[in-house]
Amino acid sequence: MKNVKVWDPLIRIFHWSLVICFISNALITDPESQLHRQIGYVVVGLVAFRIIWGFVGSRHARFRDFPPSISGSVGQLSDMATGRKRIHVGHTPLGALMIYNLIVTLIGIAITGYIMTTLRFWGIEWVKELHEICVTWAEFSVVAHIAAVVWESRRTGVNLPKAMVTGSKTLPTEV
Amino acid sequence: MSSKTKPDKTTIGLLALIVTQSACSVFFLSDAVADIIADGMAALNDVHLHVEMVATLSLIVAVILEGRFLVRLLRRNAHAERGLSIASGALHDLMEQYFHEWGLTPSEADVATFAIKGLDIAEIAEVRGTAEGTVKAHLNAIYRKSGTSGRGALLGLLVDDLLAQPLIERKEPPKDVPKASGLA
Ligand code: HEM
Ligand code: HEM
């Protein structure tokens with residue numbers, strides 16, 4: 001077994017702050033309250049930071065380290081179908097697709113949420129509808145995200161949630 | 001190290017279909033749930049909702065079936081790196097049939113395929129990204145479940161079966177080629 005440093009502290013702070021903010025706004029806060037919007041703007045800030053960090057951050061935080069890749073994703077699916085274990089130090093190809101999906105969806109939530117508060121779009125039904133659709137999609141994605149993290153942790157024997165807390169992945173030394 | 005072979009069009013098309021239909025299922029299902037929450041039990045008397053639910057459920061069943069088909073396709077492609085000859089197709093089908101009968105796990109089936117192809121333990125471990133001890137454990141499970149004593153016996157089983165039935169169906173000669181020149 002060897003420990004490999006993967007996620008820098010800022011990525012981890014970003015992740016768990018996002019988790020708290022998203023759950024608050026999706027399940028806890030009153031959508032009509034000021035607090036809902038304030039937390040929403042924190043999410044905007046977090047996502048903006050993450051995008052910048054995707055270009056200038058540490059090695060595995062950069063988008064270049066996990067480009068969207070269909071052939072990589074099919075390769076990972078083949079590994080699952082055949083029970084092979086290819087260890088990815090950073091994000092896996094399917095994980096990468098989920099991250100881009102989450103980030104784009106969060107931007108969609110933020111834009112529709114914001115324009116609902118502007119005078120021009122106040123009370124217009126389709127904007128609210130769109131906000132809700134984006135939120136529903138994000139909730140479904142988060143459930144899939146958590147299921148995938150648990151599944152991949154069990155399949156590969158690398159505890160991914162722990163890595164998102166401590167920053168280090170424990171990898172088997174044989175590979 | 002990621003696989004260098006490009007995924008074929010069928011795989012990508014199937015994946016796209018699964019993703020799209022899953023997304024649709026999520027929205028139809030959340031819509032139906034929202035209706036039930038909003039209207040309570042009264043919603044259950046709504047014929048419209050029934051039709052929607054039937055459509056959504058059949059969509060979900062379709063996604064599951066497509067998923068199973070995708071798994072089979074991925075396995076087949078993962079084992080057919082040397083091109084899809086008729087012979088390897090027939091052998092592959094036969095192997096899959098046996099693996100299913102013996103109740104091999106996906107990992108064991110993968111190891112068995114490589115063992116039959118003649119890879120040694122170190123090579124299998126390399127391809128699969130696992131330790132050699134893991135491969136040995138898989139091999140033991142394969143021999144136990146198949147009731148064979150080792151690699152030779154396993155291979156013998158398959159060869160016996162392959163020889164018992166014609167491997168390649170005789171095909172009619174292509175029409176546009178004159179028969180006489182076929183002998184040249
Ligand atoms: C992670 C981010 C967010 C989540 C998970 C979220 C979630 C939600 C949910 C679940 C609703 C209730 C929809 C309904 O059933 O009526 C809602 C409504 C709303 N959200 Fe957000 N939201 C987020 C960000 C934002 C942002 C950034 C803003 C604005 C700056 C915003 C403004 C609103 C407004 C104005 C409503 C409508 C309240 C009403 O009049 O009913 N949201 N949001
Ligand atoms: C208890 C719930 C959660 C757990 C255990 C969890 C766990 C993880 C783990 C282990 C990773 C790293 C994946 C990898 O190794 O490739 C990750 C990444 C990520 N998760 Fe979560 N997650 C949770 C909830 C959420 C929620 C609610 C959101 C947002 C809406 C979210 C958004 C993300 C994003 C954007 C990344 C990418 C990280 C980056 O590179 O910036 N997660 N999560």
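Refer to the structure printed above.
These numbers come from a predicted model, not from an experiment.

Caption draft 1: Seen up close, the environment of A:Ala147. Residues and elements named next belong to chain A. Its place among the elements puts Ala147 in helix H5 (residues 125-156). Judged by its relative accessible area of 45%, Ala147 is partly exposed. For Ala147 and Val104, which are 43 residues apart along the polypeptide, the C-alpha to C-alpha distance reads 20 Å.

Caption draft 2: Main features of helix H1 (residues 9-39) of chain B. Spanning 31 residues, H1(B) covers 45 Å between terminal C-alpha atoms, matching the ideal 45 Å at 1.5 Å per step. Looking at the buried residues of H1(B), the elements they touch are helix H3 (70-82) and H5 of chain A together with helix H2 (47-79) of chain B.

Caption draft 3: The interface of chain B and chain A, seen in detail. With 25 residues of chain B at the interface, the matching set in chain A holds 17 residues. Roughly 1,900 Å² is buried in total at the junction of chain B and chain A, and carbon and sulfur atoms are behind 70% of that figure. Of all residues in chain B, B:Val26, B:Phe27 and B:Leu74 give up the largest surface area on contact with chain A, accounting jointly for 25% of the area buried on that side. Summed over the shared surface of chain B and chain A, the number is 1 salt bridge. Between A:Arg84 and B:Asp110 there is a salt bridge whose closest N-O contact spans 2.7 Å. Each residue belonging to the side of chain B that touches chain A can be placed in one class, and the counts come to 15 nonpolar, 7 polar and 3 charged.

Caption draft 4: Broad picture of empty space enclosed by the protein. Residues and elements named next belong to chain A. Following the criterion strictly, the structure yields 1 cavity of 30 Å³ or more and no others. The space that makes up the largest cavity amounts to roughly 90 Å³. Around the largest cavity, the lining residues are Arg86, Ile87, His88, Thr92, Glu152, Arg155, Thr156, Val158, Leu160, Lys169 and Leu171. Contributing elements (two or more residues each) for the lining of the largest cavity: H5 and strand S2 (168-171). Residues of the lining of the largest cavity, tallied by class, amount to 4 nonpolar, 3 polar and 4 charged.

Caption draft 5: Geometry of the coordination of the iron atom of ligand 1. Residues and elements named next belong to chain A. Around the iron atom of ligand 1, the protein supplies His36 (NE2) and His131 (NE2) as donor atoms, at distances of 2.0 to 2.2 Å. Around the iron atom of ligand 1, the 6 donor atoms sit at angles spanning 85 to 179°, and that spread fits a shape best called octahedral. Here His36, found in helix H2 (residues 34-56), pairs with His131, found in helix H5; they are 95 residues apart in sequence, far enough to count as distant. Residue His36 shares its accessibility class with His131, and that shared class is buried.

About the cut-offs
Residues numbered from 1 in each chain as written. Chains lettered and ligands numbered in written order. Predicted model: local features only at pLDDT ≥ 70, side-chain atom pairs only at ≥ 80, totals over all residues. Heavy atoms only, no water. Helix = DSSP H or I, 4+ residues; strand = E, 2+ residues; numbered from the N terminus. Buried < 20%, exposed > 50% of the residue type's maximum accessible area, 1.4 Å probe, protein only. Expected span 1.5 Å × (residues − 1). Contact = heavy atoms within 4.5 Å. Buried area = accessible area lost by both parts, 1.4 Å probe. Salt bridge = Lys/Arg side-chain N within 4 Å of Asp/Glu carboxyl O. Nonpolar A, V, L, I, M, F, W, Y, C, P; charged D, E, K, R; others polar. 1 Å grid on protein atoms, 1.4 Å probe; cavity = no way out; pocket = protein on both sides within 12 Å on 5 of 7 lines; lining within 4 Å. Points joined across faces, edges and corners; volume = space filled by probe spheres on them. Donors = N, O, S within 2.8 Å, 3.2 Å for Na, K, Ca; no water. Tetrahedral: all angles 85-135°; square planar, octahedral: opposite > 155°, others 65-115°.

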